[in-house]
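This is what each chain is made of:
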Amino acid sequence: MTPPGPPSAPPSGPPELTVLDEAFDCVLCVVAHPDDIEYGTSAAVARWTGAGKTVTYWLATRGEAGIDNLHPDQAGPVREAEQRAAGRAVGVEIVEFGSYRDGIVEYGLDLRRDIAREIRRRRPGLVVTGDYHDRFVAGMLNQADHRAVGQACADAVADAGNRWIFPELLDEGLEPHHVPLLAFAGTATPTHYVDVTATFTAAVASLEEHDTYNRGLPEQFPKPAQLLGMVLGSVKPAPDVDYALLLDVVERR
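Report on the accompanying structure.

Calculation criteria
Residues numbered from 1 in each chain as written. Predicted model: local features only at pLDDT ≥ 70, side-chain atom pairs only at ≥ 80, totals over all residues. Heavy atoms only, no water. Core = buried A, V, L, I, M, F, W, Y, C linked by side-chain atoms within 4.5 Å. Buried < 20%, exposed > 50% of the residue type's maximum accessible area, 1.4 Å probe, protein only. Helix = DSSP H or I, 4+ residues; strand = E, 2+ residues; numbered from the N terminus. Phe/Tyr/Trp six-rings, centres within 6.5 Å; stacked < 30°, edge-to-face > 60°. Lys NZ or Arg CZ within 6 Å of the ring centre and 35° of its normal. Pairing = 2+ DSSP bridges. Contact = heavy atoms within 4.5 Å. Axes fitted to C-alpha atoms, helices over the stretch in contact; angles between N-to-C directions.

Quick notes on the nonpolar core
Grouped burial of nonpolar side chains is what soluble globular proteins tend to show. Judged by nonpolar contacts, the single largest core of 40 residues is most densely connected at Leu20, Trp48, Tyr57 and Leu126. Element by element, the count of residues in this core is highest for helix 1 (residues 41-50), at 5 residues. Counting residues in hydrophobic clusters, the runner-up holds 26 residues, among them Val30, Ile115, Val149 and Leu182.

A closer look at unusual backbone geometry
Here the phi dihedral of Ala138 falls at roughly 65°; this positive angle occurs in a residue that is not glycine. Residue placement: Ala138 occurs in the loop between strand 5 (126-130) and helix 4 (144-160). Look at Phe166: it is not a glycine, yet its phi comes out positive at around 55°. Inspection of the secondary structure assignment puts Phe166 in the loop between helix 4 and helix 5 (168-171).

Some points on the environment of Asp68
Within the secondary structure layout, Asp68 lies in the loop between strand 3 (54-59) and helix 2 (72-89). Here Asp68 falls in the exposed class, since its relative accessible area comes to 82%. Once the C-alpha coordinates of Asp68 and Leu217 are considered, the two residues, 149 residues apart in sequence, prove to be 9.0 Å apart.

A short note on the packing of aromatic side chains
All told, the structure shown has 3 aromatic pairs when counted by the stated rule. Taking the centre distance of 5.5 Å and the plane angle of 90° together, the rings of Phe24 and Trp48 count as edge-to-face. Residue Phe24 is located in the loop between strand 1 (18-19) and strand 2 (26-31), and its partner Trp48 is located in helix 1; the two are separated by 24 residues in the primary sequence. Taken as a pair, Phe24 and Trp48 share a single burial class, namely buried. Between Lys53 and the ring centre of Phe24, over which it is positioned, the NZ or CZ distance is 5.0 Å.

Side note on the sheet that holds strand 5
Reading across the sheet, the 8 strands line up as 1-7-8-6-5-2-3-4 and stay open at both edges, with mixed pairing between neighbours. In this open sheet, the two edge strands, each paired with only one partner strand, are strand 1 and strand 4 (94-97). Across 6 bridges, the pairing between strand 2 and strand 3 is parallel. When the sheet's bridge partners are listed, Val30 is paired in strand 3 with Trp58. Contacts from helix 4 reach strand 2, strand 5 and strand 6 (181-185) within the one sheet, and its direction differs from that of strand 5 by about 160°.

Structural data, given as structure tokens:
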């Protein structure tokens, strides 16, 4: 989906942010649209894959309603291909898509089940999704699909660990899985950060893979390097950190 306008840099961070404990081996990113991961999270993804961790993506839609001058029937395959290329730019080979329609994703049991299925299939130590509140970083209004997918993902993390919720997943051979860490990107209330100074360039390259989508944005919209500089560089949680991904992290016991 086309963002409502150039995202503003968060005015400040909390007094202290904790470095994310990266003891996990596998990460699952769950978002609504192609390019959602590339607005900052892909910088951390590049760091994680570079350290030998496995990262996979699950997207609810193909972003087919996100380009005004391109019919959804044409835009969907283009945006899917660009998302796969964006994943490869940061070391991600597995990119899966749901069957939800871009722009009208609704929170519900089907969405929770589909995300819980993917969690049980991938068995991640960390799940990253987007903030699901009405407003996210810098007070901007959050988009409807983001809210639905973020909320459903938060609930699906619990669903994935309970064998009596969606027992049909057991019939598919998918045993329950407990997710130790759940993180929300794009949050106005971050608790943790990931130092992505070394992978900033890779993140820019990943966002640039969304070429058709980027060319459809307003001329005044920031280009990838400038945009990610705003998103990742506005809060410096430590003196030697030039770029940081800020996350609201829930530790699940």
